[in-house]
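# Structural characterization, general
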Amino acid sequence: MELLSYVLQQLINGLQLGAVYALIALGYTMVYGVLRLINFAHGDIFMFGAFTAYYLISKWDVPIYLVFPITMAVTALLGFLIEKIAYKPLRSAPKIALLITAVGVSLFLEYFLSLNSLFTPNYIGFPRPFEVTGYDLRLFTITNVQLIIFAVTALSLLLLYLLIYYTKYGRAMRALSHDREVASLMGIPVDGIISFTFIVGAALAGLGGILYGFAYPQINVFMGIMPGIKSFIAAVLGGIGIIHGAVLGGLIIGVSEVFVSAFISSTLRDGVIFFILFLVLLLKPSGIFGKWIDKV
Amino acid sequence: MLMRISHLYVRYGSVRALHGVSLEVNEGEILSIIGANGAGKTTLLKTISGLLRPESGDIDYRGRNITGERPDRLVRMGICTVPEGRRVFPNLSVKENLELGAYTVSRRRLRQQLFDLTLHTFPKLKERLSQDAGTLSGGEQQMLAVGRALMGNPQLLLLDEPSMGLSPIITKEIFSLIRSINAEKGISVILVEQNAHIALEHSHRTYVLETGRVVMEGLSDVVKQDPAVIEAYLGCESLE
């Protein structure tokens, strides 16, 4: 009974982390879908979201219900600008140029923003705008932070699902991820839809940044690196380019990480994720929901 | 005149594929462009649809210079394409494919009219609306590709190798449907075809391309009597 309760508790903690990974992984997978690019700067957009929320809450006393939309709008703008400035000029360049540029954008954001006059290279306490309280449900305890994370993630997944499967923009994104040339022949403004995809993905990463700050209230300009890599692995695990794959992948990665640190050793928490990546690439490189393919 | 193309030079990769092609499209006609593999037919069509930018030369459409215009803008002007090899979206349903074709049509009423017209023209698609396009046969996919282009409310329809990979019977069916679309709706058509026989049979006028140049043009009925054309393009097919 005690073990069951402990396992359930860790599962809840794992899902909390996994929900944040899922929000970040969605951006990776959507951008990959339309541009065949691993946007390495995506983890930094997540970081930017956390910092934006930090400034809104602790410096400008913005009420919490406004922190969400403002932060998401700010990161959406950042995602839009990154695409316009760094990636769009390379539309017809070889893919490797785009990939290297993405790494460059990531490093630029991290080191430029770690200037003392900007975000600084230090760890900063993230102020929660509310007290953390736990609700004892006999078998496990769930906190209000976790409830917020689950609710906000579920709501945004629902909205994203409706956007992608029931609107003309979603249809255009799916068409684009399939065949850019034919999509343009259908009258779809390709550049506009690519921008739109970055905007949506970056808004979700910004949301992830806020929630991450609530759950793990220490932020730093380099905080996007590991969650970024892990979310990317989550997207690969689910099948890159597949929306529900990114969600499931994120949850699996989050739960694995928490379970390994709870039951084996917390020093292995990062290692296990790379081990998962290793297994995916070895056994089914196209991911859980991906088609079986012979070549990698 | 619907479209006038003058002195078009186009590169495809590192090779120049078109060397000063000029042609005219009249309102309401079916124009076919025939030629051997590598003659520049697809390059020409891709340039008209905006996928390729010419090095030099002009394309005028309804008295407006549209050279180098983006494909999605051209669709808004009524130039819709049925790409080579059909290229329907296999993971999307037949209905979603058709709806994508009407991406630029914002008026709901018109969209519904186009949808009804398309299903009226291709009744076979009606039973398959909720099916994934990838599960259709080759002929049905070609019908979907044409239907998808019709959904964009075209004034000029560009068809790239509509007979490719289809049986002679299905090919004939597709071509007679194209003719009825042209006759009933007054939609002008440019079709590029490797199968010269069927292209000459189903078009009003024909241009013959050879290594990126127009070598002959005229009424299809006249072109198909030409000894050189028979020798080069129809000889083998008459054996079938």
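Everything below is about the structure printed above this text.
Residues numbered from 1 in each chain as written. Chains lettered and ligands numbered in written order. Predicted model: local features only at pLDDT ≥ 70, side-chain atom pairs only at ≥ 80, totals over all residues. Heavy atoms only, no water.

Residues and elements named next belong to chain A. Within the fold, Gln146 resides in helix H5 (residues 144-166). For Gln146, the side chain forms a polar contact with the main-chain nitrogen of Thr143, separated by 3.0 Å. Residue contacts for Gln146: discarding those within four places in its chain leaves Ile12, Asn13, Gln16 and Thr141. (Helix = DSSP H or I, 4+ residues; strand = E, 2+ residues; numbered from the N terminus. Polar contact = N/O pair within 3.5 Å; in protein donor to acceptor, adjacent residues only side chain to side chain. Contact = heavy atoms within 4.5 Å.)

In this assembly, 22 residues from chain B lie in contact with 20 residues from chain A. On the chain B side of the contact with chain A, Arg87, Phe89 and Tyr103 of chain B bury the most area, a combined 33% of that side's loss. For the pair chain B and chain A, the number of links is five salt bridges. For the pair chain B and chain A, the interface holds five residue pairs in polar contact (both at pLDDT 80 or more). Its residues placed into classes, the side of chain B that touches chain A shows nine nonpolar, five polar and eight charged. (Buried area = accessible area lost by both parts, 1.4 Å probe. Salt bridge = Lys/Arg side-chain N within 4 Å of Asp/Glu carboxyl O. Nonpolar A, V, L, I, M, F, W, Y, C, P; charged D, E, K, R; others polar.)

On to the layout of surface pockets, then. Residue and element names in this part refer to chain A. Here the largest pocket defines a volume of roughly 1100 Å³. Taken together, 32 residues line the largest pocket, and the ones lying closest to its centre are Arg36, Gly239, Ile240, Gly241 and Ile242. Looking at the lining of the largest pocket, the elements that each hand over two or more residues are helix H1 (2-35), H5, helix H6 (168-178), helix H9 (225-238), helix H10 (243-263) and helix H11 (269-283). With five residues, the single largest contributor to the lining of the largest pocket is H1. Looking at the lining of the largest pocket, its residues break down into 19 nonpolar, ten polar and three charged. Of the voids in this model, the second largest pocket is the one considered here, and its volume is about 880 Å³. In this structure, the second largest pocket is lined by 28 residues; those nearest its centre are Arg91, Arg180, Ser184, Val190 and Asp191. (1 Å grid on protein atoms, 1.4 Å probe; cavity = no way out; pocket = protein on both sides within 12 Å on 5 of 7 lines; lining within 4 Å. Points joined across faces, edges and corners; volume = space filled by probe spheres on them.)

Residues and elements named next belong to chain B. Relative to strand S4 (residues 56-61), strand S1 (residues 3-12) is paired through five bridges, and the arrangement is antiparallel. Of the residues in S4, the one forming a bridge with Ser6 is Asp58. Taking the residues that link successive antiparallel strands as the turn, the S4-strand S5 (residues 64-65) hairpin has two residues, and the phi of Arg62 there is positive, at about 50 degrees. (Pairing = 2+ DSSP bridges.)

Considering soluble globular proteins, one finds that nonpolar side chains tend to be buried as a cluster. Counting 95 residues, the largest nonpolar core has Tyr87, Leu160 and Ile188 of chain A as its most contacted members. Each residue touching Tyr87 of chain A, except ones within four places of it in the same chain, is listed here: Leu37, Asn39, Ala41, Ile82, Leu98, Thr101, Ala102, Val105 and Phe198 of chain A. Of all hydrophobic cores here, the second largest spans 46 residues; its members include Ile30, Leu98, Ala145 and Tyr233 of chain B. (Core = buried A, V, L, I, M, F, W, Y, C linked by side-chain atoms within 4.5 Å. Buried < 20%, exposed > 50% of the residue type's maximum accessible area, 1.4 Å probe, protein only.)

A few words now on the sheet that holds S4 of chain B. Residue and element names in this part refer to chain B. Taken in spatial order, the four strands make up an open sheet running S2-S1-S4-S5, and their pairing is antiparallel. Each end of this open sheet is capped by a strand with a single partner; those strands are strand S2 (15-25) and S5. Packed onto the sheet, helix H1 (residues 41-48) meets S1, S2 and S4 and runs at close to 115 degrees relative to S1. (Axes fitted to C-alpha atoms, helices over the stretch in contact; angles between N-to-C directions.)

What is expected of a backbone is that most residues other than glycine have negative phi and most peptide bonds are trans. One non-glycine residue, Arg36 of chain A, lies in positive phi territory at about 55 degrees. Along the chain, the position of Arg36 of chain A falls in the loop between H1 and helix H2 (42-59). For Arg36 of chain A, a relative accessible area of 39% translates into the label partly exposed. You will see that Asn153 of chain B, though not glycine, has its phi angle at about 55 degrees, which is positive. Mapped onto the secondary structure, Asn153 of chain B falls in the loop between helix H6 (138-150) and strand S7 (156-160). A relative accessible area of 35% means that Asn153 of chain B is categorised as partly exposed.

Attention now goes to the packing of helix H3 (residues 64-87) of chain A against helix H8 (residues 190-215) of chain A. All names here are of chain A. Orientation of H3 relative to H8, taken along the N-to-C sense of each, is 135 degrees, at an axis distance of 7 Å. The angle between H3 and H8 places the two elements in the oblique class. Considering only the axes of H3 and H8, their crossing is right-handed. Residues Ile64, Val67, Phe68, Thr71, Met72, Thr75, Ala76, Gly79, Phe80, Glu83, Lys84 and Tyr87 of H3 touch H8, and the partners they reach there are Ile194, Ser195, Phe198, Ile199, Ala202, Ala203, Gly206, Leu207, Ile210, Leu211 and Phe214. (Parallel < 35°, antiparallel > 145°, perpendicular 65-115°, else oblique. Left-handed = near helix turned anticlockwise from the far one by under 90°.)

All names here are of chain B. Under the criterion given, the structure shown has 25 salt bridges over all chains. The shortest N-O distance in the salt bridge between Lys95 and Glu99 comes to 3.5 Å. You can see Lys95 and its partner Glu99 sitting in helix H3 (residues 94-101), four residues apart, about one turn around the helix. Residue classification places Lys95 among the partly exposed positions, given a relative accessible area of 35%. On the accessibility criterion, Glu99 (25% relative accessible area) is partly exposed. A salt bridge links Glu201 to Lys224; the nearest nitrogen and oxygen atoms lie 3.7 Å apart.

Keep in mind these values describe shape, not function.
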